[in-house]
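Structural overview
Here are the chains, one letter per residue:
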Amino acid sequence: MQAIISSISSIGNQVLPPGASLGNGLTPEAARDLGLLPGIAVAASLIDAHAGGLGVIGADVKGHGLVCEGQPVTSRLAVICGTSSCHMGISKDPIFVPGVWGPYFSAMVPGFWLNEGGQSVTGKLIDHMVEGHAAFPELQVKATARCQSVYAYLNSHLDLIKKAQPVGFLTVDLHVWPDFHGNRSPLADLTLKGMVTGLKLSQDLDDLAILYLATVQAIALGTRFIIEAMEAAGHSISTLFLCGGLSKNPLFVQMHADITGMPVVLSQEVESVLVGAAILGACASGDFASVQEAMAKMSKVGKVVFPRLQDKRYYDKKYQVFLKLVEHQKEYLAIMNDN
């Protein structure tokens, strides 16, 4: 107990909002180690995903034809997608969403409550599905020959085999439930496992590409699942703001737009976590009066990806199957546990 009290004492009990200036700035010792000047403003910081959300969610969207232009910032959902995916939604009043963390006051944007949904190991799941396939060595050779990443090659291969239909329709009979490592949101069930239905005996590059596509779609369907839970609890979301490593993949971005039916905004600066950190520093230094002002001035829209609304019926069906997969998994578990 004494050790716990000592740890709490060393941490302190003063809580400051993100971007607040700390102490007298950079200490002489830290300045010497960093090669900077003593006294430079030091801001109250954020964890990486929250800084990424801060770096994208407040961008000025004027002139891009987005419905969120005339809506409050609470209509935006920041999705920080890399090894895992985090879904950051803010609100003026606290909203309790089953299976979604929060609400936390001023945890990301000062003055707003934060709800954080999440999907575990999304980037790792895509790697796992691709690298575990029998055709992966062939994929590596062909991607290397073209000086492409394996995912750029797969995206181009999908365009090659789709023929006259939209690329997403290639998974009409292949479906994935993506919780190979349990579900973080909105079910908060760590016992859930991954599922794939529609596998064939063939193991060629076409099969690998389509399995990769189905996995990307499953992650986007999981985002839709989280959004629906947040909206059922009181959020009103119209636009997604994506950042992180997976947002560099155009297929991943387009599937999120098509499956959620919402436009996706990508930041001009790819490393949005660094933008979020810069926003905090700019507030601590007094360059901006508030984090909200700094967000609007320092976050820039790079690209907007709109959903293919003509494909809505297809993705609504995929979503129905997606929900059936977890329903069936729970039924299987009940059967096996029945004494």
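What you see is a predicted model, and the numbers here were worked out from it, not measured in a lab.

1. Observations regarding the pattern of salt bridges
In this structure the tally under the stated criterion is 10 salt bridges. For the salt bridge of Lys62 with Asp60, the shortest nitrogen-to-oxygen distance reads 3.7 Å. Across the pair Lys312 and Asp316 runs a salt bridge whose closest N-O atoms are separated by 2.7 Å. With a gap of 4 residues between them, Lys312 and Asp316 both fall in helix 11 (residues 312-337), about one helical turn apart.

2. So, the UniProt feature "domain: Carbohydrate kinase FGGY C-terminal" (unreviewed entry) in the protein chain
Here, the residues flagged by UniProt with the feature "domain: Carbohydrate kinase FGGY C-terminal" (unreviewed entry) are residues 77-284. For the annotated span residues 77-284, helix accounts for 41% and strand for 19% of the residues, and the straight-line distance between the end C-alpha atoms is 25 Å.

3. Side note on empty space enclosed by the protein
Taken as a whole and assessed by the stated rule, the structure comprises 4 cavities of 30 Å³ or more. Taken together, the elements giving at least two residues each to the lining of the largest cavity come down to strand 4 (113-119) and helix 7 (205-233). The class makeup of the residues in the lining of the largest cavity is 4 nonpolar, 7 polar and 2 charged.

4. Looking at the side chain of Ser299
Mapped onto the elements, Ser299 comes out in the loop between helix 10 (291-298) and strand 9 (301-305). A polar contact is formed between the side chain of Ser299 and the backbone oxygen of Gly55, at a distance of 2.8 Å. Ignoring sequence-local partners within four residues, the contact set of Ser299 consists of Leu54, Gly55, Val56, Ala59, Asp60, Val275, Ile279 and Ala294.

5. Considering helix 4 (residues 122-131)
Among the residues of helix 4, those classed as buried are Thr122, Gly123, Leu125, Ile126, Met129 and Val130. Considered in projection along helix 4, the buried side chains sweep an arc of 160 degrees and stay on one side of the axis.

6. Considerations on the sheet that holds strand 8 (residues 264-267)
Pairing within the open sheet is mixed, and its 7 strands lie in the order 3-4-2-1-7-8-9. Taken across any chain shown, the strands that pair with only one partner, and hence form the sheet edges, are strand 3 (101-105) and strand 9. Between one strand axis and the next, the sheet turns by 25 degrees as a mean value, whatever way the strands run. Sheet analysis places strand 2 (residues 85-91) next to strand 4, joined by 7 bridges and oriented antiparallel. When the sheet's bridge partners are listed, Ile90 is paired in strand 4 with Leu114. Most of the contacts of helix 3 (residues 48-57) go to strand 1 (residues 76-81), to which it runs at about 135 degrees, and overall it touches strand 1, strand 2, strand 4, strand 7 (239-243) and strand 8.

7. Re the side chain of Thr260
Within the secondary structure, Thr260 sits in helix 8 (residues 250-260). Only 2.6 Å separates the side chain of Thr260 from the backbone oxygen of His256, close enough to count as a polar contact. Among the polar contacts made by the side chain of Thr260, one reaches the main-chain amide nitrogen of Met262 at a distance of 3.2 Å. Here Thr260 is in contact with Ala220, Thr223, Arg224, Ile227 and Leu240, once residues within four sequence places are set aside.

Reading the values: the criteria
- Residues numbered from 1 in each chain as written.
- Predicted model: local features only at pLDDT ≥ 70, side-chain atom pairs only at ≥ 80, totals over all residues.
- Heavy atoms only, no water.
- Salt bridge = Lys/Arg side-chain N within 4 Å of Asp/Glu carboxyl O.
- Helix = DSSP H or I, 4+ residues; strand = E, 2+ residues; numbered from the N terminus.
- UniProt positions renumbered as here; feature names shortened; annotations may be inferred.
- 1 Å grid on protein atoms, 1.4 Å probe; cavity = no way out; pocket = protein on both sides within 12 Å on 5 of 7 lines; lining within 4 Å.
- Points joined across faces, edges and corners; volume = space filled by probe spheres on them.
- Nonpolar A, V, L, I, M, F, W, Y, C, P; charged D, E, K, R; others polar.
- Polar contact = N/O pair within 3.5 Å; in protein donor to acceptor, adjacent residues only side chain to side chain.
- Contact = heavy atoms within 4.5 Å.
- Buried < 20%, exposed > 50% of the residue type's maximum accessible area, 1.4 Å probe, protein only.
- Arc of directions from axis to C-beta.
- Pairing = 2+ DSSP bridges.
- Axes fitted to C-alpha atoms, helices over the stretch in contact; angles between N-to-C directions.

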